[in-house]
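Listed below are the residues making up each chain.
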Amino acid sequence: MTAHTPPASPAARVAELRELIDDANYRYHVLDDPAIADIEYDRLMRELEALETAHPELADPASPTARVGAAPSREFAEVRHAIRMLSLANAFSDEEVAEFVRRIEEQLDIREPSFAVEPKFDGLAISLRYEDGRFVQGATRGDGETGEDVTANLRTVKTVPLRLRGDDWPHVLEVRGEIYMPRAAFEAWNEKARAAGGKVLANPRNGAAGSLRQLDPRITAARPLAFYAYAVGVVEGVDLPPLHSQVMQRLRDWGFPVAELAGTARGAQGCLDYYRRIGAERDALPFDIDGVVYKLDDLAGQRELGSVGRTPRWAIAHKFPAQEQQTRVEAIIVNIGRTGAATPAAVLVPVHVGGVTVTNATLHNADQVARLDVRIGDTVIVRRAGDVIPEVVRVVPELRPDGTQPWGMPTHCPICGSEIVREEGEVVARCSGELVCPAQRVQSIFHFASRRAMDIEGLGERLIDDLVALGFVKSPADLYALTVADFVEMRRQADERDGTTPESVKAGKVATKWADNLVEAIDRSRVTTLDRFLHALGIEHVGESTAKALATWFGSLECIRHLPWPLLTVVPDIGGEVARAIGHFLEQEGNQRVIDALLAGGVRIEDTHAPSTKLRARLAPAIVLAALGIPKLTEKRAAQLVAGPDGAAAATSIDAEGLATLGMPEAVASAFLEWRAQPAHRGLLKRTLVATQALLDELATLDGGDNSCLPLDGRTVVLTGTLSSLSRDEAKERLERLGAKVAGSVSKKTSFVVAGEEAGSKLAKAHELGIEIWDEARLQALLDGNR
Ligand code: IVH
């Protein structure tokens, strides 16, 4: 498609590009069958944009480049619909449908007429006008007589054709249909809005209506809208076929999206069969529908029947149960997920929504509760659509009883009692009882046993699921007490529960080899390194590299597990957020008890060493004080605070006068005193200062030699190619143990590159930058010499 000889003129190339892009859009958005790769599409688009910029005379509102959205307007112009946009009467029961069909049979004197049957899309109606195959105007339904001109916005909707495909189109063609927001796009939009603390859309219909009625088309362009055609208005110049279903087929040929679910049905029974079929598919559809529509297929019959007021006699909407209902909030509870995320949910007076009884609806997070201001006792609108969890959409303020209170996230986990913590800038609050919270058990044990943590071979998620479900383990520490007999008994109970007892077991034979292996693997994991152990605890934000940094700098579990969190930030790369998460974890008694139990169970950390003497420089009082996150107290101000005769001790007792004497600006001084007035802060301050001193005392007892001086300290190494004697991971780990930082790409900062077999571009880059290159033998010699 790209290999063509360049056409003579820009105009010809522009025309060609527009055709290629229109075609690609149609294949992608309407047929859902992309013909070219995204990258090729982008290239064509860029070429067209460049040509249109260079040749403004070639600009065209029907060009695919117009879809990004034109400049905003002040208000929408009015559009009078030459043919009124009708609305449909509703049927809620089989009887009403039968009655509708009976009347048509009677009036037209026919039996079992054929109906065009279609989904009833839950969006908003629009009318699109085409002149000589080009989109010229789009309008909302308005009151049916007059709507609003939303042409610029509709141009941004990818499934609205800007030019018609094929040929023999009418000179004037009005197409009517529904603008809607696909469910996935709606969910994704809200997910993003919630994460950003923004305003969420109540439902896809409101999303579509709100997006289309934006005065700035660029906003509409950013919203994921789509379109389905379901009728025609004015048609001039061509005679359309005699059946509605045939007209729809014609629209398909011209490039309009027409629902694949549309079809034909005979008589009332055929209509009802269709209703049930679509009803069964409803939840799985990618868009919301609120019913189905039956239209007499024969257009001559339609004309003969005419309409009463605004509703035609030849069509009816057969509605499904509503997806939104009103009910009352009896309680607001908090669910703890497998990762500790605390999600508020409303407990509701049971209500039927979309054919299902709903008793619970999610409130997503504390911000959402605050935004909606949902309170216990409130009457709310609940929505259930597709396979999405029911959610509270809004409160009905007029029905709020007296004496309600705004809701707040509880401070402690309803399941394990550990603290619930919400970090600054985070939307999600979490239970910090990682090791003890039953809700997190399977997840935390699975992580604990994983290869890069304690590496317990063979202990997979299913096994852990069973061990937890049957009560054999409650925390990672319980693993170390498991015997072969426990595993065998656990398997027996699981088989019994699942009804899967093997014949061999029924016959009294019990295989135990697998259990032997597991107990052995658990035993092997007992001897470990500090970084693996820390990583295995599953502390929020503590991955392998943070665990390694902690291990290198502090050297022992005993040192780390009682450290106030501000001291953790003296380690490069550990910020306040990570340090606080570790602090919260270690403050939970339950977590500390599990650590004790692990050690009592025989877990041994073999690489314990004294803290790095490099810490000395980082434990300067000013650095430590600044790490507490006291408002306005920068490192510079902290240095001022400790410059007096009392040194760091001044921080716990100094008053406003003392601070003034030290020359502290009034604002900094009062922010500091206000912070310190809180007992929790005062406690943290004292503990931090005491711990700093204790650490400094310990460092003073170490001989002057830098115990942390590892052979590769401060060096950055890049591995490339295949090593024959060890895997990349092993090489990385061993190098890191020698103090190196192992990076993924070569830069000026690289100290040396280890090149194995078939080293490629990284080796070339190293040559280019004149960086030292090691072969495998040299690496091996270093590793052998530093076992
Ligand atoms: S036909 C003369 N077909 O339902 C009938 N309408 O109250 C004109 N709708 O405003 C409408 N899906 O927004 C028709 N397949 C469908 C429809 C549909 C949804 C909406 C449309 C209209 C309302 C009828």
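Preceding this paragraph is the structure being described.
Residues numbered from 1 in each chain as written. Predicted model: local features only at pLDDT ≥ 70, side-chain atom pairs only at ≥ 80, totals over all residues. Heavy atoms only, no water.

Structural notes on the sheet that holds strand β23 (residues 716–720)
In step 1: Spatial ordering of the open sheet is given by β24-β23-β25-β26, a layout of four strands whose pairing is parallel. One side of each edge strand has no neighbouring strand; the edge strands of this open sheet are β24 (741–743) and β26 (772–774). Pairwise comparison of adjacent strand axes, ignoring direction, gives a mean angle of 30° for this sheet.
In step 2: Sheet analysis places β23 next to β24, joined by three bridges and oriented parallel. In the sheet register, T716 faces β24, and the bridge partner there is K741.
In step 3: Seen against the sheet, helix α30 (residues 728–737) touches β23 and β24 and runs at an angle of roughly 165° to β23. (Pairing = 2+ DSSP bridges. Helix = DSSP H or I, 4+ residues; strand = E, 2+ residues; numbered from the N terminus. Axes fitted to C-alpha atoms, helices over the stretch in contact; angles between N-to-C directions. Contact = heavy atoms within 4.5 Å.)

A word on the packing of aromatic side chains
In step 1: Under the defined criterion, the tally for this structure stands at 12 aromatic pairs.
In step 2: With a centroid separation of 5.6 Å and 50° between ring planes, the pair formed by Y130 and F135 is classed as tilted.
In step 3: Y130 sits in the buried class, given a relative accessible area of 1%.
In step 4: Note on F135: relative accessible area 3%, which makes it buried.
In step 5: Ring geometry for F487 versus W514: centroids 6.1 Å apart, planes at 75°, classification edge-to-face. Here the residue F487 occupies a position in helix α14 (residues 484–498), and W514 occupies one in helix α16 (residues 513–524), the gap between them amounting to 27 residues.
In step 6: Since its relative accessible area comes to 0%, F487 is described here as buried.
In step 7: Feature note: the residues F121, Y180, Y228 and F287 constitute an aromatic cluster, connected by ring pairs.
In step 8: Stacked on the ring of W553, the Lys or Arg K614 has its end atom at 5.4 Å from the ring centre. (Phe/Tyr/Trp six-rings, centres within 6.5 Å; stacked < 30°, edge-to-face > 60°. Buried < 20%, exposed > 50% of the residue type's maximum accessible area, 1.4 Å probe, protein only. Lys NZ or Arg CZ within 6 Å of the ring centre and 35° of its normal.)

Details of the site of the ligand
In step 1: Neighbouring residues of the ligand: 15 residues in total, closest L88, E118, E178, Y230 and K295.
In step 2: Take E118: an N or O atom from its side chain is 2.9 Å from a nitrogen atom of the ligand.
In step 3: Within the side chain of K120, a nitrogen or oxygen atom sits 3.4 Å from an oxygen atom of the ligand.
In step 4: Applying the majority rule of atoms within 2 Å of the grid points places the ligand in the second largest pocket. (Near = heavy atom within 4 Å. Polar contact = N/O pair within 3.5 Å; in protein donor to acceptor, adjacent residues only side chain to side chain. 1 Å grid on protein atoms, 1.4 Å probe; cavity = no way out; pocket = protein on both sides within 12 Å on 5 of 7 lines; lining within 4 Å. Sits in = over half its atoms within 2 Å of the grid points.)

Side note on the nonpolar core
In step 1: Residues I456, L479, F554 and L625 are the most contacted members of the largest nonpolar core, which totals 84 residues.
In step 2: Setting aside residues up to four positions removed in sequence, L625 forms contacts with I630, L633, A638, L641, V642, A651, L685 and L689.
In step 3: Grouped together as the second largest cluster of nonpolar side chains are 35 residues, V101, L108, Y228 and L305 included. (Core = buried A, V, L, I, M, F, W, Y, C linked by side-chain atoms within 4.5 Å.)

What to know about α16
In step 1: A rise of 1.5 Å per residue sets the reference length of α16, with its 12 residues, at 16 Å; its end C-alpha atoms lie 16 Å apart and thus fit the reference within 8%.
In step 2: If you check which residues of α16 are buried, you get A515, L518, A521 and I522. Along the axis of α16, the buried residues cluster in a sector spanning 125°; they form a single face. What points out from α16, more than 90 degrees from its buried face, is the exposed set K513 and R524.
In step 3: Elements in contact with the buried residues of α16: α13 (461–469) and α14. (Expected span 1.5 Å × (residues − 1). Arc of directions from axis to C-beta.)

A closer look at the sheet that holds strand β13 (residues 315–319)
In step 1: The strand order across the open sheet built from five strands is β2-β13-β10-β3-β9, with neighbouring strands paired in mixed fashion. The strands lining the two open edges of the sheet, one partner per strand, are β2 (90–91) and β9 (263–266).
In step 2: Strand direction decides the pairing type here: strand β3 (residues 114–121) and strand β10 (residues 289–296), joined by seven bridges, are antiparallel. Within β10, the residue paired with F115 across the bridge is L296.

Thoughts on the pairing of strand β25 (residues 752–755)
In step 1: Side chains F752 and V754 project from β25 onto one buried face, and the interleaved V753 and A755 project onto a second face that is buried too.
In step 2: Both β23 and β25 contribute to a ladder of four bridges, which runs parallel. The partner of T720 across the bridge, within β25, is A755.
In step 3: Both β25 and β26 contribute to a ladder of three bridges, which runs parallel. Residue pairing across strands places F752 opposite E772, the latter belonging to β26.

Some remarks on empty space enclosed by the protein
In step 1: Overall, the coordinates contain five cavities of 30 Å³ or more when judged by the stated rule.
In step 2: As a volume, the largest cavity reaches approximately 130 Å³.
In step 3: Lining the largest cavity are 13 residues, with V421, E423, R430, E540 and A581 positioned closest to its centre.
In step 4: Of all the elements in the fold, those that place two or more residues in the lining of the largest cavity are β20 (429–431) and α21 (576–587).
In step 5: With three residues, the top contributor of residues to the lining of the largest cavity is α21. (Points joined across faces, edges and corners; volume = space filled by probe spheres on them.)

Some remarks on the pattern of salt bridges
In step 1: With the rule as written, the count across this model stands at 56 salt bridges.
In step 2: For R27, the salt bridge goes to D33, with nearest N and O atoms at 3.2 Å.
In step 3: Classification of R27 as partly exposed rests on a relative accessible area of 25%.
In step 4: Judged by its relative accessible area of 38%, D33 falls in the partly exposed class. (Salt bridge = Lys/Arg side-chain N within 4 Å of Asp/Glu carboxyl O.)

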